[in-house]
Amino acid sequence: MDRKRSSLNLFEDIDLNYKATELRLGLPGTDDQPEIKTSLSGNKRSSSEMESSTCTDENESRSASPTKEQVVGWPPVRSYRRNIVQGKKESSEMGSGMYVKVSMDGAPYLRKVDLKMYRSYEELMEGLQKMFKCIIGLYSEREGYNGSQHAPTYEDKDGDWMLVGDVPWEMFITSCKRLRIMKASEARGLDDSL
Amino acid sequence: MVYSLPEEVLEHVFSFITLDKDRNAVSLVCKSWYEIERWCRRRIFVGNCYAVSPSIMTRRFPEVRSVELKGKPHFADFNLVPEGWGGFACPWISEMSRAYPWLEEIRLKRMVVTDESLELISTSFKNFKVLVLSSCEGFSTDGLAAIAANCSEVMDLSGHWLSHFPNTCTSLESLNIACLGSEVSFSALERLVGRSPNLKILRLNRAVPLEKLSTLLCRAPQLVELGTGAYSSGIRSDVYSSLSKAFLGCKELKGLSGFWDVDPSYLLAFYSVCSRLTSLNLSYATIRSPDITKVISQCPNLQRLWVLDHVEDSGLNAVALSCKDLRELRVFPSDPYIADANVTLTEQGLVSVSEGCPKLQSVLYFCRQMSNSALITIARNRPNLICFRLCVIEPRAPDYLTLEPLDVGFGAIVEHCKELRRLSLSGLLTDRVFEYIGRHAKRLEMLSIAFAGNSDLGLHHVLSGCDGLRKLEIRDCPFGDKALLANVAKLETMRSLWMSSCAVSYGACKFLSQKMPMLNVEVIDENGSLDSRFDSCPVEKLYIYRTVAGPRSDMPGYIRTIDRDRVNTIS
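Reading the values: the criteria
All residue numbers here refer to positions counted from 1 along the written sequence of the relevant chain. Chain letters and ligand numbers both follow the written order, the letters beginning at A and the numbers at 1. Under the rules for a predicted model, residues below a pLDDT of 70 receive no local features and side-chain atom pairs below 80 are neither given nor counted, while totals for whole chains, interfaces and linings still include all residues. As a convention, hydrogens and water are excluded, and side-chain values are obtained from all of the structure's heavy atoms. Going along the chain from the N terminus, every DSSP run of H or I of four or more residues is numbered as a helix, and every run of E of two or more is numbered as a strand. The contact criterion used throughout is that any non-hydrogen atoms of two residues lie within 4.5 Å. In short, Shrake-Rupley with a 1.4 Å probe defines the accessible areas, and a residue's cover is counted only from the protein chains shown. When we talk radius of gyration, it's over C-alpha atoms, and the globule rule is simply 2.2 Å times the number of residues to the 0.38. Burial status follows relative accessibility: with a 1.4 Å probe on protein chains alone, a residue under 20% of its type maximum counts as buried, one over 50% as exposed, and anything between as partly exposed. Positive charges come from Lys and Arg, negative ones from Asp and Glu, while His and the chain ends are left out of the count. In this description, the location of a charge corresponds to atom NZ of lysine, CZ of arginine, CG of aspartate or CD of glutamate. Confidence scores here are pLDDT values: one per residue, from the predictor, ranging 0 to 100. A pair of Phe, Tyr and Trp rings is counted when the ring centres sit within 6.5 Å of each other, with Trp represented by its six-membered ring. The angle between the planes then sorts it: under 30 degrees is stacked, over 60 is edge-to-face, the rest tilted. Ring-over charges, as used throughout, are those where CZ of Arg or NZ of Lys falls within 6 Å of the ring centre and within 35 degrees of the ring normal. For two strands to pair, DSSP has to find at least two bridges joining them. Handedness is read with the strands pointing away from the viewer; a crossover is right-handed when the path from the first strand over the helix to the second is clockwise. Disulfides are defined as cysteine sulfur pairs within 2.5 Å. Marked domain ranges trace back to an automatic or database domain assignment. When a carboxyl oxygen of Asp or Glu is within 4 Å of a side-chain nitrogen of Lys or Arg, the pair counts as a salt bridge. Here an angle of 0 to 180 degrees is reported between the N-to-C directions of two axes, which are lines fitted to C-alpha atoms, with helices fitted over the stretch in contact.

Draft legend 1. Expanded view of the overall build of chain A. A tally of regular secondary structure across chain A gives six helices and seven strands. Mapped in sequence order, the helices and strands of chain A form the string α-α-α-β-β-α-β-β-β-β-α-β-α. Across chain A, every contact between residues at least 6 apart in sequence was considered, and the portion connecting residues at least 24 apart equals 44%. When the accessible surface of chain A is totalled, it reaches about 10,900 Å², and 52% of it is carbon and sulfur.

Listed below in structure tokens is the structure:
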């Protein structure tokens, strides 16, 4: 029998005993899941749900899951609006991770920061400065971090050490693997070698 | 002896009548008015491309200058209409290229448009000025290049490839590349903008970096609407200052959109235009409520606001306080698929806006909880609502305070808002809500229903009560044959009816098709074979629409128009 055949629950109200008379198409042995009026998890099984699930394990598609993706076309949001936040989450959780190690030259141990807690470079700098009780200079495109003893750098996905601040914030948090707050004198060396 | 006005005079009088409704009324007065009117109608709107054939249109209206067509049903936006369904623009464009050499404008929505069709457009119409393709598919940048190259007079383009524009000054008024995924050559874009002094609307795509935006703005300070590209940058203090300076020069700017990947520190670069803004679309910007509030409180003249649910109730309170001219509010879900979005947007936000914004007419609101009392309050506050689309994200979610259905709340909406034209329902709803709708929603033209109702009675209330109903779309409701068969005549007064995952039987479809020759009854079934259906089998998806063009022949195999002639021979 075609696996994709759906089980149609034609009537919602259990009071009207339509279930006794309804014609249903379903895989042999499929359960009758009672419809509950109060909403629980987003797992209301509708025919479209069954159609859209391509997994072969019936139970898997019916087990409680936090995502609503199984109901086709619901909520009624156009596809280009669907991944606005999700896309960012996926890209930030994949591989690069949000918690990154931060080391500061001369400090006895490393710390970890969650990059997701910050929305911009300014906030990140503030956080780092508080955490390490240091002062990070002002960024300028030409000269890097001037006017202080420390400069923030990071290791990107390719393993290169980069100066923090050159690329847009979104790009930065997806490619940053770890941070290192360098002594300014060393950091200037970093700049000069470019 | 009856004097009649000379044709030229009547034509001149008719030229002031622009609404289709009125034009249609004029044409029904008498035969001579019909004739005169049909020769001087310049603008045609076809809401369902299968309701009439291209040749019927060109035969009746020989001197048309502007055509607007719509193809797929609205639920196609949410992936409910399968691939290959139809909506092909080609036969229309071929016929128009033959019959309307002076055509100036083509607007297509939810249609399939090929590169060949675009090339045909670009070479067929000497006076072509406007091409709008919204939610269309089937073409590539090759087709767009043809338009750009051949249409020297084109003033309004959407999503077109840049490098094929002629090198001289252009009369381009609108350029919208927001949907283009790829990067465009910035220098080509800059040059084009520089030689288009009439450019009023510019919508960039995400790939245009923020650093370049000020350059474009300096070349086009006359812009009325701007869609930015990505709105973030590395830490570069000069970006902010050059951006604010550029915005300062845009004295005509009234609408802003775009704002992908927003870095909040750049937000107030457009501070200087806020007081003039009438339209603001932040629905791609994942900035939090405090930042949104900061912007909104600078925009007292806002008429349209589109925003993500990150605006939260607090942001909407700010809207209620600051934006007294607001007409349209849309709040989109930032993360539609998780149960708890960690965003404090509740029914309260909408209630505040309904209280504070006296001109509010149009609402689209996604939220995770709603109550009858909130809906009643909104209805009482804003009886001038024309469009009310509420989506409580969890299907069948009850009033979160009382756990009752939301019947009474929506009932209040239709009772108080007497001019309501469009309504989308959600949450837990019984047949009762449809009783209210049938009784009160006399001006309702479009109704969207999902996961609602108990029985056919619900659908019957709607079909028998809503006098002005034109479009009805229903999914996952226990509506079956009875209501449809009791209201067959109603279906001919509507543009279309969509029902998916309901309980309509194949036999009822056949009966309907037999009884109503002016309807196309299309059955969609992707899973099984349409030929082996028993009468009692429920249909997966059903699309019924009135037509004078007969059954269509361009359907894929899984769609069948119930053929009236064959009905009698099938067992």
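So much for the structure itself; the text now carries on.
Draft legend 2. Examining the overall build of chain B more closely. Each helix and strand counted, chain B has 22 helices and 21 strands in total. Whereas a compact globule of 571 residues would reach a radius of gyration of roughly 25 Å, chain B reaches 26 Å, a difference of no more than 12%. Viewed in the frame of its principal axes, chain B has a C-alpha envelope of about 75 × 65 × 60 Å. Looking at chain B residue by residue over its 571 residues, the buried ones come to 60%. Put simply, of all contacts in chain B between residues at least 6 apart along the chain, 68% involve residues at least 24 apart. Accessible surface, chain B: about 22,400 Å² in total, of which carbon and sulfur atoms supply 52%. Separation between the mean location of the 64 positive side-chain charges and that of the 64 negative ones in chain B comes to 4 Å.

Draft legend 3. Main features of the confidence of the model for chain A. Residue and element names in this part refer to chain A. Across chain A, the average pLDDT comes to 63, with 53% of residues at or above 70. Low pLDDT, under 50, characterises residues 1-68; the predicted model gives this stretch 120 contacts beyond four residues in sequence or across chains. Under a pLDDT of 50 for its full length, residues 90-97 has, in the predicted model, ten contacts with residues more than four places off or in other chains.

Draft legend 4. Spatial organisation of the packing of aromatic side chains. Under the counting rule described, the total for this entry stands at 23 aromatic pairs over all chains. Among the aromatic side chains, those forming a connected cluster through ring pairs are B:Y50, B:F75, B:F78, B:W85, B:W498, B:Y543 and B:Y545. When the ring centre of B:F332 is taken as reference, the NZ or CZ atom of A:R81 above it lies at 3.7 Å. The side chain of B:R552 reaches across the aromatic face of B:Y50, ending 4.4 Å from its centre.

Draft legend 5. Quick peek at the pairing of strand β12 (residues 328-332) of chain B. Residue and element names in this part refer to chain B. For β12, the tally of buried residues reaches four of five residues, placing the bulk of the element in the interior. Of the pairings in the sheet, the one linking strand β11 (residues 304-308) to β12 comprises five bridges and is parallel in character. Paired with V307 across the strands is V331, a residue of β12. A crossover connection joins β11 to the parallel β12 through helix α13 (residues 312-322); in handedness this β-α-β unit is right-handed. This β-α-β element, β12 to helix α14 (residues 347-356) to strand β13 (residues 362-367), shows right-handed connectivity.

Draft legend 6. Structural view of helix α18 (residues 456-465) of chain B. Taken residue by residue, α18(B) has B:D456, B:G458, B:L459, B:V462, B:L463 and B:G465 as its buried positions. In this structure, the buried side of α18(B) is in contact with α17 (431-440), β16 (446-450), β17 (471-475), α19 (481-486), α20 (488-491) and β18 (496-500) of chain B.

Draft legend 7. Here's a closer look at the state of the cysteines. Residue and element names in this part refer to chain B. Applying the stated rule across the entire model yields zero disulfides over all chains. Looking at the unpaired C49, the closest cysteine sulfur is the one in C136, lying at 10 Å. Exposure remark for C49: the relative accessible area of 3% places this residue in the buried category. Just so you know, C250 is unpaired, no disulfide at all, and the nearest cysteine sulfur is the one on C218, 7.7 Å from it.

Draft legend 8. Structural context of the domain arrangement of chain B. For chain B, the assigned domains are domain 1 (42-167), domain 2 (170-276) and domain 3 (504-570). Spacing between the C-alpha centres of domain 1 of chain B and domain 2 of chain B amounts to 28 Å.

Draft legend 9. Layout of the pattern of salt bridges. A full pass over the atoms with the stated rule returns 27 salt bridges over all chains. The shortest N-O distance in the salt bridge between B:R65 and B:E63 comes to 3.7 Å. Linked by salt bridges that have partners in common, A:R78, B:D77 and B:R110 make up one network.

Draft legend 10. Region of the structure containing the sheet that holds strand β7 (residues 178-183) of chain A. Residue and element names in this part refer to chain A. In spatial order, the strands read β2-β1-β7-β5-β6; together these five strands make up an open sheet with mixed pairing. Looking along the sheet, the strands with just one partner apiece sit at the ends: β2 (111-114) and β6 (161-163). With strand direction ignored, the average angle separating the axes of adjacent strands in the sheet is 35 degrees. Here strand β1 (residues 99-104) pairs with β2 via four bridges, running antiparallel. Within the sheet, the bridge partner assigned to V100 lies in β2 and is V113. Along the sheet, helix α4 (residues 121-132) makes contact with β1, β2, β5 (150-155) and β7, crossing β2 at roughly 155 degrees.

Draft legend 11. Quick peek at the side chain of B:D456. All names here are of chain B. Locating D456 in the fold gives a position in helix α18. Among buried Asp, Glu, Lys and Arg side chains, D456 stands out as unpaired, with K482 the closest opposite charge at 4.1 Å. When near neighbours in sequence (up to four residues on either side) are disregarded, D456 contacts P478, F479, G480, D481, K482 and A483.

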